[in-house]
Amino acid sequence: MKTMTKTVIKAGGASMLALLVAGPVLAQTTITGVRDVNDRIDDINEIVAEDMERAEDAARFGNPEARAGLSGSASIGYSGKTGNNESQEFSGGVRLSYAQGNFVQTLGAAVDFAEDGVGKTKEDIFAVYDANYYFDQSFYGFVLARLEADGLASTAGDVRRDGFLGFGPGYRVVNTPDMTWRLQAGIGVSYLEDGLRNSVTETGYLAASRFYYRINDGVFMTNDTDVLASDSALRVNNDLGVNFRVTDAVSTRISYLSEYNDNRAIRTDNKLGVSLVFGF
């Protein structure tokens, strides 16, 4: 690194300070740390934006308009290091949607692999499936499936496989521009396998409520409740949120999340969240 630095300074005939201010090309590299800071700012913006958008609940008014046929997106990332530290990382994700009439299906999958000079350090696979059939604007049926796998799990405390499959009906009790309320209920099966390949299969019952109420053009509130009951535990999550659009440039979301699990010593966890977006 010292030899490279001397070469750059001799070639440019300038001090390091001058190189840092000379132009955007160098300022965008990782050596100055500027890119890392900008990437972190982007991450924060995306998290806040997703939190605000999630509250809108695009499916609250009935059969959402979906592009007919097959559509989707995919992304792949790879990086490799040599020198003092050797490593390789690969990640990829794909989301596919297929809509035909009143039947909408979505399939998502992601992989995350990594290794260093000694061996593998990460081997994770994720998959999710979501299907909805809309009988009319009020009544629909759903199927949910999820799978998580850790190829490096090797102890009883590690999770090697974690899967869930559930299905049932849903109904929109209220469906107006200012207020919507829909309920879902069904049955599900969960599968859990540890690093020693010991497994547990449970049948559970799930229920969910999604409530939306627009107070005025700038304020709306949501209350999302999810319940999962099985032989091992009763779990209930409730997320209450209020969104304020102060001006066209300022939006705020305040949420309060409660997570209950009767299989824990302290059964309830509570979390207060505040998201604020400025534009100018």
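Note that the coordinates shown come from a computational prediction; the quantities given were computed from them, not determined experimentally. (Residues numbered from 1 in each chain as written. Predicted model: local features only at pLDDT ≥ 70, side-chain atom pairs only at ≥ 80, totals over all residues. Heavy atoms only, no water.)

Draft legend 1. Summary view of a nonpolar patch on the surface. A cluster of nonpolar side chains, contributed by Phe 103, Tyr 133, Phe 135, Phe 139, Tyr 171, Val 173, Trp 181 and Leu 183, occupies part of the molecular surface with about 710 Å² of accessible area. When contributions to the nonpolar patch are tallied by element, the ones reaching two or more residues are β6 (159-175) and β7 (179-194). With respect to the element layout, Tyr 133 can be found in strand β4 (residues 120-134). Under the relative-accessibility criterion, Tyr 133 is labelled partly exposed at 37%. (Patch = residues over 30% accessible without salt bridge, like charges linked within 9 Å, V, L, I, M, F, W, Y side chains within 5 Å. Areas by Shrake-Rupley, 256 points an atom, 1.4 Å probe, with all protein chains shown as cover. Salt bridge = Lys/Arg side-chain N within 4 Å of Asp/Glu carboxyl O. Helix = DSSP H or I, 4+ residues; strand = E, 2+ residues; numbered from the N terminus. Buried < 20%, exposed > 50% of the residue type's maximum accessible area, 1.4 Å probe, protein only.)

Draft legend 2. Representation of the pattern of salt bridges within the structure. Tallying each qualifying case throughout the model produces nine salt bridges. Measuring nitrogen to oxygen at the nearest pair gives 3.4 Å for the salt bridge that ties Glu 193 to Arg 160. Of this pair, Glu 193 sits in strand β7 while Arg 160 sits in strand β6, placing them 33 residues apart in sequence. Classification of Glu 193 as buried rests on a relative accessible area of 9%. Its salt-bridge partner being Arg 210, residue Asp 226 comes within 3.1 Å of it at the nearest N-O pair. With a gap of 16 residues between them, Asp 226 in strand β9 (residues 219-229) and Arg 210 in strand β8 (residues 199-216) connect regions that are remote in the sequence. Through salt bridges with shared partners, a single network forms among Arg 146, Glu 148 and Asp 162.

Draft legend 3. The arrangement of the sheet that holds β8 in detail. Strand order across the open sheet formed by twelve strands is β1-β2-β3-β4-β5-β6-β7-β8-β9-β10-β11-β12, with antiparallel pairing between neighbours. Since the sheet does not close on itself, it has two edges, and those belong to β1 (69-81) and β12 (268-278), each with one partner. Strand-to-strand twist in this sheet, taken as the mean axis angle between neighbours without regard to direction, amounts to 10 degrees. Pairing of β1 with strand β2 (residues 87-100) involves 13 bridges; the strand directions are antiparallel. (Pairing = 2+ DSSP bridges. Axes fitted to C-alpha atoms, helices over the stretch in contact; angles between N-to-C directions.)

Draft legend 4. Broad picture of the pairing of β8. As judged from the 15 bridges shared by β7 and β8, these two strands associate in the antiparallel manner. Paired with Met 179 across the two strands is Tyr 213, which belongs to β8. The turn linking β7 back onto β8 is made up of four residues, and Arg 197 within it adopts a positive phi angle of 70 degrees. Pairing of β8 with β9 involves eleven bridges; the strand directions are antiparallel. For Asn 216, the partnering residue across the bridge sits in β9 and is Val 219. Linking two consecutive strands that pair antiparallel, namely β8 and β9, is a turn of two residues.

Draft legend 5. Local environment of the pairing of β4. Looking at chain direction, strand β3 (residues 103-116) and β4 are connected through 13 bridges and run antiparallel. Bridge pairing links Thr 106 to Asp 130 in β4. Where β3 hands over to β4, the hairpin turn is made up of three residues, counted between the paired strands. Between β4 and the antiparallel strand that follows it, strand β5 (residues 139-150), lie four residues.

Draft legend 6. Geometry of the packing of aromatic side chains. Applying the stated criterion across every chain, the model contains five aromatic pairs. With a centroid separation of 5.9 Å and an interplanar angle of 40 degrees, the aromatic rings of Tyr 134 and Tyr 140 are classed as tilted. Each member of the pair, Tyr 134 together with Tyr 140, is buried. Considering the side-chain rings of Phe 135 and Phe 139, the 5.0 Å spacing of their centres and the 20 degrees angle between planes classify their relative orientation as stacked. (Phe/Tyr/Trp six-rings, centres within 6.5 Å; stacked < 30°, edge-to-face > 60°.)

Draft legend 7. Structural view of the environment of Leu 152. With respect to the helices, strands and loops of the structure, Leu 152 is situated in the loop between β5 and β6. Remark: the alpha-carbon pair of Leu 152 and Gly 195, spanning 43 residues in sequence, is separated by 8.0 Å. Sequence-distant contacts of Leu 152, that is, excluding residues within four places in its chain, are made with Lys 120, Thr 121, Lys 122 and Glu 123. (Contact = heavy atoms within 4.5 Å.)

Draft legend 8. Seen up close, the confidence of the model for the protein chain. Per-residue pLDDT for the protein chain averages 84, and the proportion of residues at 70 or more is 84%. Predicted confidence for residues 1-14 stays below pLDDT 50, and this span has three contacts to residues more than four positions away or in other chains. Of the regions scoring below 50 in pLDDT, residues 16-23 engages in five contacts with residues more than four places distant in sequence or in other chains. (pLDDT = per-residue confidence, 0-100.)

Draft legend 9. Here's a closer look at the side chain of Asp 124. With respect to the helices and strands, Asp 124 occurs in strand β4. Buried charge without a partner: Asp 124 forms no salt bridge, and the closest opposite charge is Lys 122, 5.2 Å away. When residues no more than four places from it in sequence are discounted, the contact partners of Asp 124 are Ala 110, Val 111, Asp 112, Phe 113, Ala 149 and Asp 150. (Lys, Arg positive; Asp, Glu negative; His and termini not counted.)

Draft legend 10. Spotlight on the environment of Asn 263. As for its position among the elements, Asn 263 is in the loop between β11 (250-261) and β12. Once the C-alpha coordinates of Asn 263 and Ala 233 are considered, the two residues, 30 residues apart in sequence, prove to be 5.4 Å apart. In this view, Asn 263 contacts Ser 232 and Ala 233; residues no more than four positions away in its chain are not counted.

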